[in-house]
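Breakdown of the fold
Next come the chains, spelled out residue by residue.
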Amino acid sequence: MSITVKFFASLRETLNRDVCSVEPSDAHTAVDVWRIATNGSEFPENTLIAINMDYAKPEQPVADGDEVAFFPPVTGG
Amino acid sequence: MLVELRGNNFDPWQEIQQFQNSHPELTGKFGATSVFVGTMRDFNDGKDVSSMFLEHYPEMTQKYLEDISTEASQKWSILDTLIIHRYGEIQPDDPIVLLVVWSAHRAQTIPACSYLIEELKMRAPFWKRETTKNQTRWVEKNTPV
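Everything numeric in this text was worked out from a predicted model, so none of it was measured.

**Digging into the overall build of chain B**
From N to C terminus, chain B includes three helices and nine strands. The N-to-C order of helical and strand elements in chain B reads β-α-β-β-β-α-β-β-β-α-β-β. The C-alpha atoms of chain B give 16 Å as radius of gyration, which agrees with the globular expectation for 145 residues (15 Å, within 12%). When its C-alpha atoms are laid out on the principal axes, chain B stretches across 55 × 30 × 25 Å. Looking at chain B as a whole, 30% of its 145 residues qualify as buried. A sequence separation of at least 24 residues applies to 76% of the contacts in chain B between residues at least 6 apart.

Structure below.
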């Protein structure tokens, strides 16, 4: 298995990708997932994280099979 | 409690009537119905807006809208709730979101309906991309109350 990584909205456009996967042996936290998925780029301010569709902190642990999503502040309603 | 994400335009008033018709257990029980309808404007942030695309994170959106509906029903004595939210291409004057709360009394429905829209705007993963005369742009934040 692996960790599925998703990007949404302006972040998806900036990175020019919507989904990728990361090897769980390389990533212990959500911010590790970000760095691996974006080739080492700094985690941008104001970016939100969800792990398995729940909001999470950058240092929150991740596990094999998780879905980790990164996106800008939400603007629904 | 019903939460629906819609890819096509809808008539909020018809949806309310249909929901009530299909929930006969509400008949005679509710003395108050609070409704919030969010509608697309043709202007924002000083510019004319001709259309909008509403992106969402489908599974997480459904989960959070169900969560806030459950939270509202735990905080207030309400009979039922309905949330319908659009995604995809939206035109000015189209409804974006419908929130409805039914209860015996207004003291329950009014704060519950307000809770639903404020929590939705803060937590539900939707993103608006507007098309103006010269550009498309992402809406970076919601308008404060």
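**Concerning the sheet that holds strand β3 (residues 48-51) of chain A**
All names here are of chain A. The five strands lie next to each other as β2-β1-β5-β3-β4, forming an open sheet whose pairing is mixed. Only two strands of the sheet have a single partner each, and these edge strands are β2 (19-22) and β4 (54-56). Taken pair by pair, the neighbouring strands of this sheet meet at an average axis angle of 30°, ignoring direction. The sheet contacts of helix α2 (residues 30-37) involve β1 (3-7), β2, β3, β4 and β5 (67-71), and relative to β2 the element is tilted by about 110°.

**Brief notes about the nonpolar core**
In a soluble, globular protein the nonpolar side chains are often hidden away together inside. Ranked by internal contacts, the top residues of the largest apolar core, which has 49 residues, are F8(A), A30(A), V33(A), V68(A) and L116(B). Of all the elements, strand β7 (residues 95-103) of chain B adds the most residues to this core, at seven residues.

**Description of unusual backbone geometry**
Residues and elements named next belong to chain B. Its identity is not glycine, yet D45 carries a phi of approximately 55°, on the positive side. With respect to the helices and strands, the residue D45 is situated in the loop between β3 (43-44) and β4 (47-56). Notably, D93 is not glycine yet its phi reads approximately 85°, a positive angle.

Reading the values: rules and limits
- Residue numbers here run from 1 along each chain, matching the order of that chain's written sequence.
- Labels are handed out in written order, letters beginning with A for the chains and numbers beginning with 1 for the ligands.
- Confidence filtering applies because this is a predicted model: local features only for residues at pLDDT of at least 70, side-chain atom pairs given and counted only at 80 or more, and all residues used for totals across whole chains, interfaces and linings.
- Starting at the N terminus, helices and strands are each numbered in turn, a helix being any DSSP run of H or I of at least four residues and a strand any DSSP run of E of at least two.
- The reference for a compact globule is 2.2 Å times residues^0.38; the radius of gyration itself is calculated from the C-alpha atoms.
- Note on burial: count the other C-beta atoms lying within 10 Å of the residue's C-beta; 20 or more is buried, 12 or fewer is exposed, in between is partly exposed, and C-beta positions come from the backbone.
- Throughout, a residue-residue contact means that the two C-beta atoms, derived from backbone geometry, are no farther apart than 7 Å.
- A strand pair is defined by DSSP finding two or more bridges across the two strands.
- Interaxial angle, 0 to 180 degrees, is taken between N-to-C directions of lines fitted to C-alpha atoms, where a helix line uses only the stretch in contact.
- To define a nonpolar core, we join buried Ala, Val, Leu, Ile, Met, Phe, Trp, Tyr and Cys residues through C-beta atoms within 7 Å and take the resulting set.

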